[in-house]
Amino acid sequence: MMDGLLIFDKEKGITSHDLVYKVRKKLGIKKVGHTGTLDPMATGVLVISIGKGTKTSDYILSSDKVYEAKIKLGVLTDSYDITGKILEEEDVCFTDEDIKDTLIKFTGKISQRPPIYSALKVNGKKLYEYAREGKDVEIKKRDVEIYKIELLDFNGKDEFTILTKVSKGTYIRSLANDLGRSLGTFGTLTELRRIRTGSFKIEDAIKVSDFEKLSLDEIKEKILPMDLALMNFKRIDIPKSFCEKFIMGQFYKLKEKLNDENYRVYSENKFLGIGELKKKDGEFFLKMKKNLIGDL
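This text gives an overview of the structure that appears in the document. (Residues numbered from 1 in each chain as written. Predicted model: local features only at pLDDT ≥ 70, side-chain atom pairs only at ≥ 80, totals over all residues. Heavy atoms only, no water.)

The next subject is a negative patch on the surface. A surface patch of like charges, here negative, comprises Glu88, Glu89, Glu90 and Asp91. Here Glu88 shows up in strand β6 (residues 86–89). (Patch = residues over 30% accessible without salt bridge, like charges linked within 9 Å, V, L, I, M, F, W, Y side chains within 5 Å. Areas by Shrake-Rupley, 256 points an atom, 1.4 Å probe, with all protein chains shown as cover. Salt bridge = Lys/Arg side-chain N within 4 Å of Asp/Glu carboxyl O. Lys, Arg positive; Asp, Glu negative; His and termini not counted. Charge placed at Lys NZ, Arg CZ, Asp CG, Glu CD. Helix = DSSP H or I, 4+ residues; strand = E, 2+ residues; numbered from the N terminus.)

Written out as structure tokens, the structure is:
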């Protein structure tokens, strides 16, 4: 059984689910998932989890993302990107200083309303389903964080490219719309490329066309260990003599006081899974939260 992660550079025109299907078919296994949807128009890093690697998907989903995004001002679409229906359009002209001043306003924690054409659920139903049915639905704003946003390119009038690092749940299409509104016009996303998800970079990604040419043995060499998805957790090593007990759910007593909730647990450099900190009577213990190795 293959367990781990494959890092893809998704091309335009295919969905995240299309890529999952391709990997399932190529590897001949069912347990395959993606770790953060990319719209068909978007390109870039898409982490595909395989086998036990699917158990790390939630942790990758919650990681920070880095994007390059191209935005057209003076255009409003129903999806906030260029693939949508144009609702309004006007000629505008801004300066480099206008753009930079506006970007500064969006650095830090902001409140953002997700686009109607998204997979976010409201009352158990995806927003894009309401949109396709022509039904109105209240979309509440939610807090996200823009860690970094900088201007990469500007045409001197109405189109610019940014590099931005954002928290989980940030919609770049909504950011494009909000930037346009802040400038007194509209903003539409015309190009989007994800260049990093957590610790996974575009430089380490494989193109779909290249993947399809590889043999199974060559693919196995490219599968990354699943603990790479958890590098934001500190590492703890436990003795081999306690491994089986730990995997079976017994608490491992720690010799020192710890504060973090989750840890990467190893024994003799073998990754076991995610350990969860437990406190009892002033003492600290580690309990297996997510088994990522199985039986010894």
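We now examine the environment of Gly4. With respect to the helices and strands, Gly4 occurs in strand β1 (residues 4–10). Not counting the four nearest positions on each side in its chain, Gly4 is found in contact with Ile48, Ser49, Ile50, Gly53, Ile223, Leu224 and Met226. (Contact = heavy atoms within 4.5 Å.)

Reading across the sheet, the five strands line up as β15-β17-β18-β19-β16 and stay open at both edges, with mixed pairing between neighbours. Looking at which strands have only one partner, the edges of the open sheet turn out to be β15 (234–237) and β16 (252–253). Where β15 and strand β17 (residues 262–267) come together, four bridges link them in parallel fashion. Within β17, the position partnered with Asp237 by the bridge is Tyr266. (Pairing = 2+ DSSP bridges.)

Per the counting criterion, the structure on display carries 12 salt bridges. A salt bridge links Lys207 to Asp9; the nearest nitrogen and oxygen atoms lie 3.3 Å apart. Separated by 198 residues along the polypeptide, Lys207 in strand β14 (residues 206–207) and Asp9 in strand β1 bring together distant segments of the chain. Close ionic contact of Arg173 with Asp81 constitutes a salt bridge, the shortest N to O distance being 3.9 Å. With Arg173 in helix α5 (residues 172–182) and Asp81 in the loop between β5 (75–77) and β6, this pair connects stretches of sequence that are 92 residues apart. By the burial criterion, Arg173 is buried, and Asp81 matches it. Through salt bridges that share partners, Asp9, Arg193 and Lys207 make up one connected network. (Buried < 20%, exposed > 50% of the residue type's maximum accessible area, 1.4 Å probe, protein only.)

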